[in-house]
Amino acid sequence: MSKTIVLYYSATGTTKRAAQAVANQLNAALAAIHPVKPYTAEDLNWHDETTRATVEQKQEHDSRVPIEDDLPDLGEYDNVIIGHPIWWGIPPRLIATTIDHLDLNGKVLATFGTSSSTGYDRAQTNVARTVRENGYQLDLQQGDVLNSPARLTAWVNSLNLK
């Protein structure tokens, strides 16, 4: 029987709730991604061009944000799902760091975002570029923004997992 894990980063709790719902629907394991330096409310003030998240998100594609070395071993999992908020149209830079640190070869990878106003096209392109930069041989599924229970269920049902 194949096994699935849902990894997520959540700054405000919204992505955590979506990740829990995805994990529940798939009977999957669940684990959080932790930045080395946690984000404060001020760090996330997108109205201020000088805040940490704004500065990080506006860097070049190859920029990364350090994460804690506490990611689970993926050896027993066939499917990896990564959930994240969408900041400035793309995943937070720590998601690329996470993908860099995982051994995703041979896995099915699916990602989702949470946002009240942004689609997933730019985020999907960003994830695909990070996968390509790492040279992973994997099955990258189409991601989506999970901003309602119906959309979450439809996306989970659309996945082609092992």
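Residues numbered from 1 in each chain as written. Predicted model: local features only at pLDDT ≥ 70, side-chain atom pairs only at ≥ 80, totals over all residues. Heavy atoms only, no water.

Chemist: Quick one: what's the story with helix H3 (residues 93–101), residue by residue and with numbers?
Modeler: Taking burial as the measure, the nine residues of H3 include seven buried ones, the bulk of the element. Among the residues of H3, those classed as buried are Arg93, Leu94, Ile95, Ala96, Thr97, Thr98 and Ile99. (Buried < 20%, exposed > 50% of the residue type's maximum accessible area, 1.4 Å probe, protein only. Helix = DSSP H or I, 4+ residues; strand = E, 2+ residues; numbered from the N terminus.)

Chemist: Run through the packing of H3 against helix H4 (residues 121–134), naming residues and quoting values.
Modeler: Between H3 and H4, the shortest axis-to-axis distance is 10 Å and the interhelical angle comes to 30°. The handedness of the crossing between H3 and H4 comes out as right-handed. Contacts between H3 and H4 involve Arg93, Ala96, Ile99 and Asp100 from the first element and Asn126, Val127, Thr130, Val131 and Asn134 from the second. Across the contact of H3 with H4, the residue classes tally to four nonpolar, three polar and two charged. (Axes fitted to C-alpha atoms, helices over the stretch in contact; angles between N-to-C directions. Left-handed = near helix turned anticlockwise from the far one by under 90°. Contact = heavy atoms within 4.5 Å. Nonpolar A, V, L, I, M, F, W, Y, C, P; charged D, E, K, R; others polar.)

Chemist: Explain the pairing of strand E3 (residues 79–85) residue by residue, including any values.
Modeler: Looking along a regular strand, one sees the side chains alternate between the two faces of the sheet. In terms of residue burial, E3 counts as a mostly covered element, since seven of its seven residues are buried. Judged by which residues are buried, E3 turns out to be covered on both faces: Asn79, Ile81, Gly83 and Pro85 on one side and Val80, Ile82 and His84 on the other are all buried. Pairing analysis gives five bridges linking strand E1 (residues 4–8) to E3, with the strands arranged parallel. By the bridge assignment for E3, Ile5 is matched with Val80. As paired elements, E3 and strand E4 (residues 108–114) share seven bridges and run parallel to each other. Looking at E4, one finds that Pro85 is bridged to Thr114. Traced from E3 through H3 to E4, the parallel crossover comes out right-handed. (Pairing = 2+ DSSP bridges. Right-handed = clockwise from strand over helix to strand, strands pointing away.)

Chemist: Tell me what's going on with the packing of aromatic side chains, and back it up with residues and numbers.
Modeler: Two measures describe an aromatic ring pair: the distance that separates the ring centres and the angle between the ring planes. Counted according to the given criterion, the structure contains four aromatic pairs. Where Tyr9 meets Trp87, the ring centres are 6.1 Å apart and the plane angle is 90°; that geometry is what we call edge-to-face. Highlighted residues: Tyr9 in the loop between E1 and helix H1 (14–26) and Trp87 in the loop between E3 and H3, separated in sequence by 78 residues. For the pair shown, Tyr9 and Trp87 are each scored as buried. Arranged with centres 5.1 Å apart and planes meeting at 80°, the rings of Tyr39 and Trp87 form a pair that is edge-to-face. Here Trp87 lies in the loop between E3 and H3 and Tyr39 lies in the loop between strand E2 (29–32) and helix H2 (52–57), a separation of 48 residues in the sequence. Among the aromatic residues, those joined into a cluster by ring pairs are Tyr9, Tyr39 and Trp87. (Phe/Tyr/Trp six-rings, centres within 6.5 Å; stacked < 30°, edge-to-face > 60°.)

Honestly, it's all geometry; don't read function into it.
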